[in-house]
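A structural walkthrough
Residues per chain are reported as follows:
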Amino acid sequence: ALLDGSRRMLAGNRLYVLLVAVPVALAAKPLGCSDGVVFGLCCFGILPLAALLGDATEQVALHTNETLSGLLNATFGNATELIVAICALNRGLLAVVQTSLLGSILSNTLLVLGCACLAGGVVTPAPRFNTVAAISNAAL
């Protein structure tokens, strides 16, 4: 049952074809490939891994309550930044960690909020809000 479910999940997304890049990227440096080639392979490899992590989180969230599923999505949604931060800290690259976290914060606050406002404006050109709820949420 586990192998059958895993096979169906992997066959359900064309992006998972790029999973082949993961072992190739791991073997590229010892085989003498340049840093640019290794970086490119790693980029291609991390795309399906991020998608796989998102799909797995959604599957776990289906079997939990809203609070736990929101916590899982928030935690694993930033797994890439966490991995980059740990690897960079191990190599003493504090500036890379700071820049990565700043980029994550800016993208989460500005980009996501801007897209939400844009989508909300398209759907409801003149939205109305509950004043009490808006004041309460703004105070948080």
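This section reports on the structure supplied with the text. This structure is a prediction, so every number in the text was calculated from the model and none was measured.

1. Here's the deal with the environment of Cys-42
Among the structural elements, Cys-42 can be located in helix H3 (residues 35–61). For the pair Cys-42 and Leu-26, spaced 16 residues apart in the sequence, the C-alpha separation amounts to 8.2 Å.

2. Considerations on the environment of Val-96
Along the chain, the position of Val-96 falls in helix H6 (residues 94–123). Residue class for Val-96 comes out partly exposed when judged on its relative accessible area of 39%. Measuring from C-alpha to C-alpha, the distance between Val-96 and Val-84 comes to 8.7 Å, with 12 residues separating the pair along the chain.

3. Description of helix H2 (residues 21–28)
Buried within H2 we find Ala-21, Ala-25 and Ala-28. Down the axis of H2, the smallest arc covering the buried residues is 60 degrees, so these residues share one side. Where H2 is buried, its residues contact H3.

4. Overview of a nonpolar patch on the surface
Taken together, the side chains of Phe-44, Ile-46, Leu-47 and Leu-49 present a nonpolar region at the surface, about 360 Å² in accessible area. You can see Leu-49 is positioned in helix H3. Given a relative accessible area of 38%, Leu-49 falls into the partly exposed group.

The rules behind these values
- Residues numbered from 1 in each chain as written.
- Predicted model: local features only at pLDDT ≥ 70, side-chain atom pairs only at ≥ 80, totals over all residues.
- Heavy atoms only, no water.
- Helix = DSSP H or I, 4+ residues; strand = E, 2+ residues; numbered from the N terminus.
- Buried < 20%, exposed > 50% of the residue type's maximum accessible area, 1.4 Å probe, protein only.
- Arc of directions from axis to C-beta.
- Contact = heavy atoms within 4.5 Å.
- Patch = residues over 30% accessible without salt bridge, like charges linked within 9 Å, V, L, I, M, F, W, Y side chains within 5 Å.
- Areas by Shrake-Rupley, 256 points an atom, 1.4 Å probe, with all protein chains shown as cover.
- Salt bridge = Lys/Arg side-chain N within 4 Å of Asp/Glu carboxyl O.

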